[in-house]
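# Results of the structural survey
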2 protein chains.
Amino acid sequence: MTPSLLIDAARLQRNINRMQARADANDVALRPHIKTHKSVAIAQRQRDAGAVGLTVATVREAEVFAAAGFTDLCLAYATVGRAKHERLLALMQRGVTLSFCVDTPAGMKQAATFYARHNRTADVLLEVDVGHGRCGVAWDGTAAVDLARLITRQPGLRLAGLLTHAGQAYRGPTGNETPEAALLRHSTAERDRLLALAVRLRAAGVAGVVPGQVTLSIGSTPTMAVFENRTEEGFRITEVRPGNYVVYDAMQVTLGAAALDDCALTVLATVVSRRTEGDVTRLYLDAGKKVLTTDTGAHTRGHGLLLRAPEARTPLARATIVALSEEHGWVQVDGDAAIAVGDRVQIVPNHACVTMGTQEAFTLQHPDGTTERCAVDARAHG
Amino acid sequence: MTPSLLIDAARLQRNINRMQARADANDVALRPHIKTHKSVAIAQRQRDAGAVGLTVATVREAEVFAAAGFTDLCLAYATVGRAKHERLLALMQRGVTLSFCVDTPAGMKQAATFYARHNRTADVLLEVDVGHGRCGVAWDGTAAVDLARLITRQPGLRLAGLLTHAGQAYRGPTGNETPEAALLRHSTAERDRLLALAVRLRAAGVAGVVPGQVTLSIGSTPTMAVFENRTEEGFRITEVRPGNYVVYDAMQVTLGAAALDDCALTVLATVVSRRTEGDVTRLYLDAGKKVLTTDTGAHTRGHGLLLRAPEARTPLARATIVALSEEHGWVQVDGDAAIAVGDRVQIVPNHACVTMGTQEAFTLQHPDGTTERCAVDARAHG
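What counts, and where the lines are drawn
- Residues numbered from 1 in each chain as written.
- Chains lettered and ligands numbered in written order.
- Predicted model: local features only at pLDDT ≥ 70, side-chain atom pairs only at ≥ 80, totals over all residues.
- Heavy atoms only, no water.
- Helix = DSSP H or I, 4+ residues; strand = E, 2+ residues; numbered from the N terminus.
- Rg over C-alpha atoms; globule rule 2.2 N^0.38 Å.
- Contact = heavy atoms within 4.5 Å.
- Areas by Shrake-Rupley, 256 points an atom, 1.4 Å probe, with all protein chains shown as cover.
- Phe/Tyr/Trp six-rings, centres within 6.5 Å; stacked < 30°, edge-to-face > 60°.
- Buried < 20%, exposed > 50% of the residue type's maximum accessible area, 1.4 Å probe, protein only.
- Lys NZ or Arg CZ within 6 Å of the ring centre and 35° of its normal.
- Buried area = accessible area lost by both parts, 1.4 Å probe.
- Salt bridge = Lys/Arg side-chain N within 4 Å of Asp/Glu carboxyl O.
- Polar contact = N/O pair within 3.5 Å; in protein donor to acceptor, adjacent residues only side chain to side chain.
- Least-squares fit on C-alpha atoms with pLDDT ≥ 70 in both.
- Domains from an automatic or database assignment.
- Axes fitted to C-alpha atoms, helices over the stretch in contact; angles between N-to-C directions.
- Parallel < 35°, antiparallel > 145°, perpendicular 65-115°, else oblique.
- Left-handed = near helix turned anticlockwise from the far one by under 90°.
- Pairing = 2+ DSSP bridges.
- Disulfide = S-S within 2.5 Å.
- pLDDT = per-residue confidence, 0-100.

### Observations regarding the overall build of chain A
Scanning chain A from terminus to terminus reveals 11 helices and 20 strands. Against the globule reference of 21 Å for 382 residues, chain A gives a C-alpha radius of gyration of 22 Å, in line with a compact fold. For the C-alpha atoms alone, the extent of chain A along its principal axes is close to 70 × 45 × 35 Å. In chain A, once contacts between residues fewer than 6 apart in sequence are set aside, the share between residues at least 24 apart is 69%. On chain A, roughly 13200 Å² of surface is accessible, and the fraction owed to carbon and sulfur atoms is 48%.

Structure, rendered in structure tokens:
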């Protein structure tokens, strides 16, 4: 039935293998972020290919993947609130190796007090802002040194490393810049700014910030597309955390981080209505906001890329998903569209990470024509 | 834990009672659309208050609410595809009274063939476009007459009525128009255009289009805010289908269809990070796209209305949710914000119908301080 999520298993595996090969070639551990797929079946493929552990965004995701046997988890999120720490503590007590982020003195103090009271030393990563402007201490200020030093003085915490995410890469090129140049600029900044902070922290005598010991964790799918590791005064990036690359999406194609043929996730939809207005054909699909979401990227066009089913290879010519209702996609085709009510289409969503979470399951399509229904295991918050 | 969905039970009940009273005063049946809440617990309250049945948007929703004992359902959607009709047939065979929409000859023919083959006569509603520009036959053209007549000739179908939704009301005022004037304009068009089509169909001799027999179904939350029924050559609106009114949202406040105090749904979030940049305070919340969604209304500002917790009455002064990441809300406060890392806030989402579906449960807060955890029962497609 439609709408539903399809994942091309061959493309999925190719994406997983390529990212693992890129990590291996750069001598970094790959700790994929599962926020995109939220699926145990996909995480197992990532582990089988060589991932050292997983990155998660929420306590719930940590719990779901721990229950599925993933015992090395990084919660890449500034974690605040007693309820969250209680649930993380429960995971640690069950033997899960787990780290989380801190980026403010207040959040850090709360965590330190909590774990000290429970006679635990929790591994924390100092979250660093390398230009995204979201959470994290600035890579180039004194606050980072002050907070890092403060962490090392807390009995309840151990400074395991530094973590950043160059989310600014999603803004794409500026001015006349090519997409490729933008990717390189962001990837270089992400790497070099984190390395520069590591050098500064060691110079400031912050305990534990030593090459070969400290975790230096970066990564997003666009910055990984062009990543090359390097050494700065003995420090190297040790770990990368891309997530979206398992399936990619229209946003990544626009950014130049993927080709259309790399996109493994599509939304299968049915044309439920059709009208002609002058030179324009209007199609209405049974896929709307509740599966595609209204999310867009910096330079995406419309609400996803429309392909003819079932090949999911050929864009529907001159067609744009111009608007979404909750349960309808509004498609405009310039000219006559050789497509009828009842026909099926596939849509590469703008943003796979939000589309996956709208559904409770997806259909994995194997090259031999067989299919497998898989759960979006960590779909909810809570 | 945060983020999570809260619903104020007193506001919810007040919203339900008011809409029922408005329907009663206008001598129309209220068939609320459950696409907003997807919750059996809330639908039961609507039924207890006097709703005649429910409106649903998907086959899955029909199945979930039928299983919960709601046996009078309207699938307000142009239903296309054999898998969908097979599941609807199964519901009919279990005794559920069910109608669905048709709006194209192709979709209608498919349904007619299907039900005739199964020796059934399915109740269908002709979906009519009164200016929204989405699905539906145009209210003022000959296509509506042709399709209505065609329906009456199919052994597998019975033309039970006409259905429309003035989705254009969500576009809000144009030019110097006040929000109130826009609501009235859209509400009047929705009512009068459907009545006009009924008159035309009777004049054309379309069987079953008779006052007192034919269902004339309209409704959206904004158009219902000012709805007054009237008689046109014996025809009156018989049924209204608003959905969002149970909890309202920032979009409805902007449209003038609700006051802030009517908004029953909020997202509870925690301030996880904070920084000061000159005269601006930046707060980062643990509620992002995956719960608020990026959906906006025509004239909404930011990604939801930010309130101080736990009262959910007082907007946080000079604060705007300027951006969303997947798991972060980016808040800008002009000036110094008396709010710290670890503090909680509540957010009235821009669009409740999409926010509810992101979570598997919500917390109902009773006036006596007790709470109840309720499922978002029909959360998924599939």
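Back to the write-up after that little detour.
### Side note on the packing of aromatic side chains
All names here are of chain A. Within this structure, the stated rule accounts for 8 aromatic pairs over all chains. Arranged with centres 5.9 Å apart and planes meeting at 65 degrees, the rings of phenylalanine 65 and phenylalanine 70 form a pair that is edge-to-face. Across this residue pair, the class does not change: phenylalanine 65 and phenylalanine 70 are buried. Clustering of aromatic rings is evident, with ring pairs tying together Phe100, Phe114 and Tyr115. Over the ring of phenylalanine 70 we find arginine 47, and its NZ or CZ is 4.1 Å from the ring centre.

### Considerations on the interface of chain A and chain B
Between chain A and chain B, the contact holds 58 residues from the first and 58 residues from the second. In total, about 4800 Å² of surface goes out of reach between chain A and chain B, with carbon and sulfur atoms giving 54% of it. Along the contact surface separating chain A from chain B lie 10 salt bridges. In this structure, the connection of chain A to chain B is made through 32 residue pairs in polar contact (both at pLDDT 80 or more). Contributing elements (two or more residues each) for the side of chain A that touches chain B: α3 (59–67), β4 (72–78), α4 (82–93), α5 (105–117), β13 (265–277), β14 (280–285), α10 (289–292) and α11 (352–356) of chain A. By residue number, the principal contributor to the side of chain A that touches chain B is β13(A), which donates 6 residues.

### Here we look at the relation of the copies chain A and chain B
Screw-axis analysis of chain A against chain B gives a translation of 0.0 Å along the axis, an RMSD of 0.0 Å, and a rotation angle of 180 degrees. Here the two chains are linked by the operation of a two-fold rotation axis. An overlap of 100% is found between the interface residues of chain A and their copies at the interface of chain B, pointing to a shared contact surface.

### Side note on α3(A)
All names here are of chain A. Of all 9 residues in α3, 7 are buried; the element is thus mostly enclosed. All of the buried residues in α3 are Val59, Arg60, Glu61, Ala62, Val64, Phe65 and Ala66. Close packing links the buried residues of α3 with α2 (40–49), β3 (54–56), β4, α4 and β5 (97–102). Immediately downstream of α3, the backbone of glycine 69 shows phi near 95 degrees, a positive value.

### Describing the side chain of Gln252(A)
Residue and element names in this part refer to chain A. Note on placement: glutamine 252 falls in helix α9 (residues 250–255). Separated by 3.0 Å, the side chains of glutamine 252 and tyrosine 170 make a polar contact. With near-sequence residues (within four places) excluded, glutamine 252 lies in contact with Tyr170, Thr221, Pro222, Asn244, Ala257 and Ala258.

### Side note on the domain arrangement of chain A
All names here are of chain A. Here chain A is partitioned into domain 1 (10–246) and domain 2 (260–350). Contacts between the two partners involve 10 residues from domain 1 and, on the opposite side, 9 residues from domain 2. Interface area for domain 1 against domain 2, summed over the two sides, is near 610 Å², with a carbon-plus-sulfur share of 31%. When residues of domain 1 are sorted by the area they lose upon contact with domain 2, Arg11, Arg14 and Asn15 head the list and together hold 67% of the total. Counting every contact that joins domain 1 to domain 2 gives 3 salt bridges. The tally of links from domain 1 across to domain 2 stands at 6 residue pairs in polar contact (both at pLDDT 80 or more).

### Examining the packing of helix α1 (residues 9–25) of chain A against α2(A)
All names here are of chain A. Remark: α1 packs on α2, axes separated minimally by 10 Å, with the N-to-C direction vectors making an angle of 40 degrees. Comparing their axes, α2 and α1 come out oblique. Taken as a pair, α1 and α2 cross one another with a handedness that is right-handed. Counting all contacts with α1, which are made through Leu12, Gln13, Ile16, Asn17 and Gln20, the residues of α2 involved are Ile42, Arg45, Gln46 and Ala49.

### Regarding the pairing of strand β17 (residues 329–334) of chain B
Residue and element names in this part refer to chain B. Sheet topology places strand β14 (residues 280–285) next to β17; 6 bridges connect them, and they run antiparallel. Considered in β17, the bridge of leucine 285 is made with glycine 329. As defined by bridge partners, strand β16 (residues 319–324) adjoins β17 across 5 bridges and the pair is classed as antiparallel. Residue alanine 323 lies in a different strand from β17, and its bridge partner there is tryptophan 330. Taken together, β16 and the strand that follows it, β17, pair antiparallel across an intervening segment of 4 residues.

### Observations concerning the state of the cysteines
Residue and element names in this part refer to chain B. Taken as a whole and assessed by the stated rule, the structure comprises 0 disulfides over all chains. Note on cysteine 135: no disulfide assigned, nearest cysteine sulfur contributed by cysteine 101 at a separation of 9.4 Å. A residue is classified by how much of its surface remains accessible, and cysteine 135, at 4% relative accessible area, is buried. Between cysteine 353, a cysteine without a disulfide, and cysteine 263, which holds the nearest cysteine sulfur, the sulfur-to-sulfur distance is 12 Å.

### Some remarks on the environment of Thr314(A)
Residues and elements named next belong to chain A. Tracing the backbone shows threonine 314 in the loop between β15 (305–308) and β16 (319–324). Residue classification places threonine 314 among the partly exposed residues on the basis of a relative accessible area of 42%. Excluding its chain neighbours within four sequence positions, the residues that come into contact with threonine 314 are Leu306, Leu307 and Arg308.

### Let's talk about the confidence of the model for chain A
Summary statistics for chain A give a mean pLDDT of 96 and a share of 99% for residues scoring 70 or more. Model confidence for the complex is summarised by a pTM of 0.97, with the ipTM given as 0.96.

### A word on the pattern of salt bridges
All names here are of chain A. Across all of its chains, the model carries 46 salt bridges over all chains by this definition. Residue arginine 158 pairs with aspartate 123 through a salt bridge whose shortest N-O separation is 2.8 Å. A residue pair is termed long-range when its members are at least 10 positions apart, and arginine 158 in strand β8 (residues 157–164) and aspartate 123 in strand β6 (residues 122–129) qualify at 35 residues. The class for aspartate 123 is partly exposed, based on a relative accessible area of 22%. As a salt-bridge pair, arginine 191 and aspartate 192 come within 2.7 Å of each other at their nearest N and O atoms.

### Quick look at the pairing of β14(A)
Residue and element names in this part refer to chain A. Counting buried residues along β14, 5 of its 6 residues qualify, which places the element largely inside the surrounding structure. Here β13 runs beside β14; their pairing, made up of 6 bridges, is antiparallel. The residue bridging serine 273 from the neighbouring strand is tyrosine 284, located in β14. Count of turn residues in the β13/β14 antiparallel hairpin: 2 residues, of which glycine 278 carries a positive phi of about 60 degrees.

### Regarding unusual backbone geometry
Residue and element names in this part refer to chain A. Cis rather than trans, the peptide bond between threonine 2 and proline 3 has omega equal to -5 degrees. Structurally, proline 3 can be placed in the segment before β1 (4–8). Positive phi, close to 55 degrees, is recorded for asparagine 119, a residue that is not glycine. Topologically, asparagine 119 is positioned in the loop between α5 and β6. Taking the relative accessible area as the measure of exposure, asparagine 119 reaches 73% and is therefore exposed. Even without a glycine there, the phi angle at tyrosine 248 is positive, about 55 degrees. Following the sequence through the fold, tyrosine 248 ends up in the loop between β12 (239–240) and α9.

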